[in-house]
Amino acid sequence: MDEIIQSKFWKGADKMFYCKDCPYNTAYLSTVRNHVESKHVSTSGAVCILCSKICVTRHALKMHIIRKHNGGNAE
């Protein structure tokens, strides 16, 4: 999936990252990668191993684990 995401954006001479599929742009690599995964890559989602919730993207799964499961640490 990382190769597909990488192929859907480019970095301009102005150091901005540009989506190839829409007018979206940002100064941050992680933000453009999250954008492409959520808007332009079709997946079955990412499953939380702690509660089986299906999240739309890997970033959404990471945020879910941080917010709902104390970052994945035992309580």
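Structure first, text after, so check above.
Residues numbered from 1 in each chain as written. Predicted model: local features only at pLDDT ≥ 70, side-chain atom pairs only at ≥ 80, totals over all residues. Heavy atoms only, no water.

**A word on the sheet that holds strand β3 (residues 25-26)**
Pairing is antiparallel across the open sheet formed by three strands, whose spatial order is β1-β2-β3. The outermost strands of the open sheet, each flanked by one partner alone, are β1 (9-11) and β3. Inspection of the sheet shows β1 paired to strand β2 (residues 17-19) by three bridges, in the antiparallel sense. Its bridge partner lying in β2, K11 is registered against F17. Sheet strands in contact with helix α2 (residues 29-40) are β1, β2 and β3, and its direction is about 5° off that of β2. (Pairing = 2+ DSSP bridges. Helix = DSSP H or I, 4+ residues; strand = E, 2+ residues; numbered from the N terminus. Contact = heavy atoms within 4.5 Å. Axes fitted to C-alpha atoms, helices over the stretch in contact; angles between N-to-C directions.)

**What to know about the nonpolar core**
Within the largest apolar cluster, seven residues are counted, these being I5, F9, F17, C19, V32, V36 and V41. Contributions of two or more residues to this core are made by β2 and α2. Discounting chain neighbours no more than four positions away, the residues touching F9 are F17, Y18, C19, K20, L29, V32, R33 and V36. Core analysis: the next-biggest nonpolar cluster, separate from the first, contains five residues, A46, C48, L61 and I65 among them. (Core = buried A, V, L, I, M, F, W, Y, C linked by side-chain atoms within 4.5 Å. Buried < 20%, exposed > 50% of the residue type's maximum accessible area, 1.4 Å probe, protein only.)

**Examining helix α3 (residues 58-68)**
Since the α-helix packs 3.6 residues into each turn, any two residues three or four apart lie on the same face. L61, H64 and I65 are the residues of α3 that are buried. Looking straight down α3, one finds its buried side chains confined to an arc of 95°; they lie on one side. Opposite its buried face, α3 presents the exposed residues K62 and R67, each directed more than 90 degrees away. Contact partners of the buried residues in α3: β4 (46-47) and β5 (54-55). (Arc of directions from axis to C-beta.)

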